[in-house]
Amino acid sequence: MQKVAAYSLVAVILTAATLLYLGHPVLNRPGPFAIPAGNIITWGALIALPLAQLLGLFNKDKRDSDPRIGIFYIGALGSLALSALWGVLSYGLAGNWNFNFHSGAESFVGSPEAADFFFYLTAVTAILPFLILILFLIYKAL
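So, a few notes on the structure that sits alongside this text. (Residues numbered from 1 in each chain as written. Predicted model: local features only at pLDDT ≥ 70, side-chain atom pairs only at ≥ 80, totals over all residues. Heavy atoms only, no water.)

Topic: the overall build of the chain
Now for step 1: The secondary structure content of the chain amounts to 5 helices and 0 strands.
Now for step 2: Each helix (α) and strand (β) of the chain, taken in turn from the N terminus, gives the series α-α-α-α-α.
Now for step 3: Viewed in the frame of its principal axes, the chain has a C-alpha envelope of about 55 × 30 × 25 Å.
Now for step 4: In the chain, buried positions account for 31% of the 142 residues.
Now for step 5: Across the chain, the fraction of contacts at a sequence separation of at least 24, relative to all contacts at a separation of at least 6, is 58%.
Now for step 6: As displayed, the chain has an accessible area near 8,800 Å², and 71% of this comes from carbon and sulfur atoms. (Helix = DSSP H or I, 4+ residues; strand = E, 2+ residues; numbered from the N terminus. Buried < 20%, exposed > 50% of the residue type's maximum accessible area, 1.4 Å probe, protein only. Contact = heavy atoms within 4.5 Å. Areas by Shrake-Rupley, 256 points an atom, 1.4 Å probe, with all protein chains shown as cover.)

Looking at a nonpolar patch on the surface
Now for step 1: A grouping of I127, L131, I134, L135, I138 and L142 is seen on the molecular surface, where their side chains present a nonpolar patch of about 630 Å² in accessible area.
Now for step 2: For L131, the position within the fold is in helix α5 (residues 112-141). (Patch = residues over 30% accessible without salt bridge, like charges linked within 9 Å, V, L, I, M, F, W, Y side chains within 5 Å. Salt bridge = Lys/Arg side-chain N within 4 Å of Asp/Glu carboxyl O.)

Focus on the packing of helix α2 (residues 37-56) against helix α4 (residues 69-94)
Now for step 1: Interaxial distance between α2 and α4 falls to 8 Å at its minimum, and their mutual angle equals 170 degrees. Regarding the angle of α2 to α4, the classification is roughly antiparallel. Between α2 and α4, the contacting residues are N39, T42, W43, L46, I47, P50, L51, Q53 and L54 on the first element and Y73, A76, L77, S79, L80, S83, A84, W86, G87 and V88 on the second.
Now for step 2: When the residues that make up the contact of α2 with α4 are grouped by side-chain class, the tally is 13 nonpolar, 6 polar and no charged. (Axes fitted to C-alpha atoms, helices over the stretch in contact; angles between N-to-C directions. Parallel < 35°, antiparallel > 145°, perpendicular 65-115°, else oblique. Nonpolar A, V, L, I, M, F, W, Y, C, P; charged D, E, K, R; others polar.)

Concerning α5
Because each turn of an α-helix spans 3.6 residues, side chains separated by three or four positions end up pointing in the same direction.
Now for step 1: Spanning 30 residues, α5 covers 43 Å between terminal C-alpha atoms, matching the ideal 44 Å at 1.5 Å per step.
Now for step 2: Residue I127 marks the point of greatest curvature in α5, where the axis turns by about 30 degrees; the proline P129 follows within four residues.
Now for step 3: Turning to α5, its buried residues number three or more, namely A114, F118, L121, T125, P129, I132 and F136.
Now for step 4: Residues of α5 that are buried make contact with α2 and α4. (Expected span 1.5 Å × (residues − 1). Bend = angle between axes of the 7 residues up to and from the residue.)

Considering the packing of aromatic side chains
Now for step 1: Scanning the entire structure with this criterion turns up 14 aromatic pairs.
Now for step 2: Where W97 meets F99, the ring centres are 6.4 Å apart and the plane angle is 50 degrees; that geometry is what we call tilted.
Now for step 3: For W97, a relative accessible area of 26% puts it in the partly exposed group.
Now for step 4: One aromatic cluster is present, built from ring pairs that chain together W43, W86, Y91, W97, F99, F101 and F118. (Phe/Tyr/Trp six-rings, centres within 6.5 Å; stacked < 30°, edge-to-face > 60°.)

Printed below as a string of C-alpha cells:
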C-alpha cells in the first residue's frame, strides 16, 4: 500500500512539474479561497516530494532493518514540515496569495527584500528533499 501511495505522489510531482515548466494557463485560474491554482499546485508538489520519500524510502520496515536510516527519516520529516508551512510563510512575506512583491512597499511585507526571502525559502523547500535523496543514495552506495 505504501508503494502505491509513493508512486501516486511521484505522479503528482511529475504532473505539477510539467504544468509549471510549460506555464499552463490553468496556473492563473483562481482556486479555492481565491488562491491561484498555480500556488496550490506548487504547494502540493512541495508537500508530495518529502511525503513520497517518507512512504517509499524511509518507511518503518527499512528503518527497522537499518537504524541509521532514521536520520534521513528525521530530515524528510523536517522537509515535510517546511513544505507544509511554505504557503503560509510565503503569504506572510508577500501579504497576498498571489505572492506579488512591489518596489513601492512601505513595510517589509511585500517589499523587494521580502521577495529575496521568498526566493530563498522556495529554493530551500524545493532542494532539501533532493539533497536528502542524494545523501541517502551516497549512504546506500557506501
